[in-house]
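# Examining the three-dimensional arrangement
So you can see what is in the structure, the chains are spelled out below.
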Amino acid sequence: MGSFENTKYTASEPTRVSRSNHCISRANISEYALKVLYRLKDAGYAAYLVGGGVRDLLLGLEPKDFDIATDAKPEQVRELFRNCRLIGRRFRLAHVYYGQYIIEVATFRAGADIDSQHDQDSLIADGRIIRDNVYGTIEEYALRRVFTINSMYYDIRDFSVLYYADAMRDLTSCSLRLIGDPEIRYREDPVRMLRAVRFAAKLGFHLESATGESIPRLAYLLNDISTARLFDEVVKLFHSGFALKTFGLLRQYGLFQHLFPETEKSLQGQHGGLAEALIVRALENTDKRIAENLPVTPAFLFAVFLWRQTLDQARILEEQGMHELSAIQQASGNVISRQVRHTALPKRFSLPMREIWLLQSRLQKSRGKRALRVLGHPRFRAAYDFFCMRAQAGEDLGDGCEWWTKIQEVPPTEQLQMAETVKIARRRPARRRRKKVNASE
């Protein structure tokens, strides 16, 4: 691994696009970002809008965040802004707060030089950057960025755009390309493989050949990333509004199996069709909810991904004589304990997820007053949505989804009558007693 430690990326002269030749307008930039840019400029520092914000503005999209790069050190940024807080150890950053709005300010970084024994600000272990605070020039910083389309800068001094590494060519050709050798860049930080997929799904870009071809071979490197960080990345991947596209790309490049190994196994198993149909339904629904600004939760996402293996294991336990609910409880515990070896799953999400699962049996069987108690359960709506998605995906749940949909639509005064009517209708007929035959006959 030591051969990756002294990697340098060759700087090139930037191309500058004048204000009259690009579409970025200050009217589309956050007022808070402009305040930070102007104050840095007025204090004599270089100040640029950088990365995804510039990329999205050039693509005609609305940026989610506005990040700034400068030659001011983090401590100098803090001196300029009383509403500033320094964060990070591996990568020291300044956060400037305007209420709940945060503008992130980064100092230009140079290439890591660990041959300098006196410089302990940069450290690389097994090819991975674990601490990085070596400051440099804008050229060095541009070529340290991961993707060419993010090595673009908006200069507040003359409103021009600077770019490096043929970024504009890749932007116009919808190509996602790494700066530098893909294998080296992925080994520095394996999470970059997930970011490549996320950007490709979000922007509708294709992965440039070398950028994409390295991923299946290096996907195993994700096994060395902390489970907490991978959980955060999973949420970003599937809660960015392009979950279904992301799912397809993750499987195409062999990444999904390192995030959800048992889910991948179930997709290739006996009930793979049902498992995939449920996931597709759920991810389509997630994308729709995000587009409509409705809330989404990782609890539902993980419930979908881990359901099939939980259900299959629960059925095995039932066949061994365990009660249905106990079987679901034990199976869910087993599945979760194995999943957290790959991605963390905080209890604030795993507990409601397990409640969604436990309610599935009650939704299928409860009638009468028990049905009304299910209606009042805090997780009823999520469990009901999950139940109906299962039915739509092809699981045999009878008319349960239609029944629960209807009972929610009738007035409360009619709900009990409806529940009791169904209870009577579904009651098993009494068995006829066989007439005893006299042995002497």
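Note that the structure is a prediction, hence the values are computed from the model and not measured.

Reading the values: rules and limits
- Residues numbered from 1 in each chain as written.
- Predicted model: local features only at pLDDT ≥ 70, side-chain atom pairs only at ≥ 80, totals over all residues.
- Heavy atoms only, no water.
- Core = buried A, V, L, I, M, F, W, Y, C linked by side-chain atoms within 4.5 Å.
- Buried < 20%, exposed > 50% of the residue type's maximum accessible area, 1.4 Å probe, protein only.
- Helix = DSSP H or I, 4+ residues; strand = E, 2+ residues; numbered from the N terminus.
- Expected span 1.5 Å × (residues − 1).
- Disulfide = S-S within 2.5 Å.
- Patch = residues over 30% accessible without salt bridge, like charges linked within 9 Å, V, L, I, M, F, W, Y side chains within 5 Å.
- Areas by Shrake-Rupley, 256 points an atom, 1.4 Å probe, with all protein chains shown as cover.
- Salt bridge = Lys/Arg side-chain N within 4 Å of Asp/Glu carboxyl O.
- Lys, Arg positive; Asp, Glu negative; His and termini not counted.
- Charge placed at Lys NZ, Arg CZ, Asp CG, Glu CD.
- Pairing = 2+ DSSP bridges.
- Axes fitted to C-alpha atoms, helices over the stretch in contact; angles between N-to-C directions.
- Contact = heavy atoms within 4.5 Å.
- Phe/Tyr/Trp six-rings, centres within 6.5 Å; stacked < 30°, edge-to-face > 60°.
- Lys NZ or Arg CZ within 6 Å of the ring centre and 35° of its normal.
- Polar contact = N/O pair within 3.5 Å; in protein donor to acceptor, adjacent residues only side chain to side chain.

## Regarding the nonpolar core
Ranked by size, the top nonpolar core spans 102 residues in total, and within it Phe-238 and Leu-255 carry the most contacts. Ranked by the residues each element gives to this core, the list is headed by helix α14 (residues 298–319), at 12 residues. Residues Ala-371, Val-374, Leu-397 and Ile-407 belong to the second largest nonpolar core, which totals 18 residues.

## Regarding α14
For α14, built from 22 residues, the straight-helix expectation of 32 Å at 1.5 Å per residue is met to within 8% by its first-to-last C-alpha distance of 31 Å. A large share of α14 lies buried, amounting to 17 of its 22 residues. In the segment just after α14, Gly-321 is the residue with positive phi, at about 105°.

## Some words on the state of the cysteines
Disulfides are covalent bonds that connect the sulfur atoms of two cysteines. Counted under the stated rule, the structure contains 1 disulfide. With a sulfur-sulfur separation of 2.1 Å, Cys-388 is cross-linked through a disulfide to Cys-401. Between Cys-388 and Cys-401 the disulfide shows an S-S torsion of about 105°. By sign, it is right-handed. Note that Cys-388 is positioned in helix α18 (residues 380–392) and Cys-401 in helix α19 (residues 400–409), a separation of 13 residues in sequence.

## Concerning a positive patch on the surface
A cluster of basic side chains, namely Arg-362, Lys-369, Arg-370 and Arg-373, defines a positive patch on the protein surface. Secondary-structure assignment places Arg-373 in helix α17 (residues 369–375). On the basis of relative accessible area, Arg-373 is assigned to the exposed category, the value being 53%.

## Quick look at the environment of Leu-250
Tracing the backbone through its elements, the reader meets Leu-250 in helix α10 (residues 243–252). Of the residues examined, Leu-250 reaches a relative accessible area of 0% and is grouped as buried. Along the chain, Leu-250 and Val-197 lie 53 residues apart, while their C-alpha atoms are 6.8 Å from each other.

## A few points about the sheet that holds strand β10 (residues 161–163)
With respect to topology, 8 strands assemble into an open sheet ordered β1-β10-β9-β2-β3-β6-β5-β4, the strand pairing being mixed. What marks the edges here is a single partner per strand, and that holds for β1 (15–17) and β4 (84–87). Averaged over all pairs of adjacent strands, the angle between strand axes in this sheet comes to 30°, irrespective of strand direction. Of the strand pairs in this sheet, β4 and strand β5 (residues 93–98) are connected by 4 bridges, and their pairing is antiparallel. Bridge pairing links Ile-87 to Leu-93 in β5. Across the sheet, helix α1 (residues 31–42) touches β2 (47–50), β3 (67–70), β5 and β6 (101–107), and the angle it forms with β6 is around 35°.

## Points about the packing of aromatic side chains
Tallying each qualifying case throughout the model produces 22 aromatic pairs. Ring geometry for Tyr-48 and Tyr-153: centres 5.7 Å apart, planes at 85°, overall edge-to-face. Taken together, the positions of Tyr-48 in strand β2 and Tyr-153 in strand β9 (residues 152–155) put the pair 105 residues apart, joining distant regions of the chain. Each of the two residues, Tyr-48 as well as Tyr-153, counts as buried. Here a set of aromatic residues connected by ring pairs shows up, and it is made of Phe-231, Phe-238, Phe-247, Phe-256, Phe-260, Phe-302, Phe-305 and Phe-349. In this structure, Arg-198 is placed above the aromatic ring of Phe-199, and the distance from its NZ or CZ to the ring centre is 5.4 Å.

## What to know about unusual backbone geometry
The backbone of Ala-165 shows a phi angle near 55°, a positive value even though the residue is not glycine. Its identity is not glycine, yet Asn-293 carries a phi of approximately 60°, on the positive side. You can see Asn-293 is positioned in the loop between α13 (272–291) and α14. We classify Asn-293 as exposed; its relative accessible area is 73%.

## Notes on the side chain of Ser-160
As for its placement among the helices and strands, Ser-160 is situated in the loop between β9 and β10. When its relative accessible area of 2% is taken as the criterion, Ser-160 is described as buried. A polar contact of 2.7 Å, which involves the side chain of Ser-160, links it to the side chain of Asp-158.

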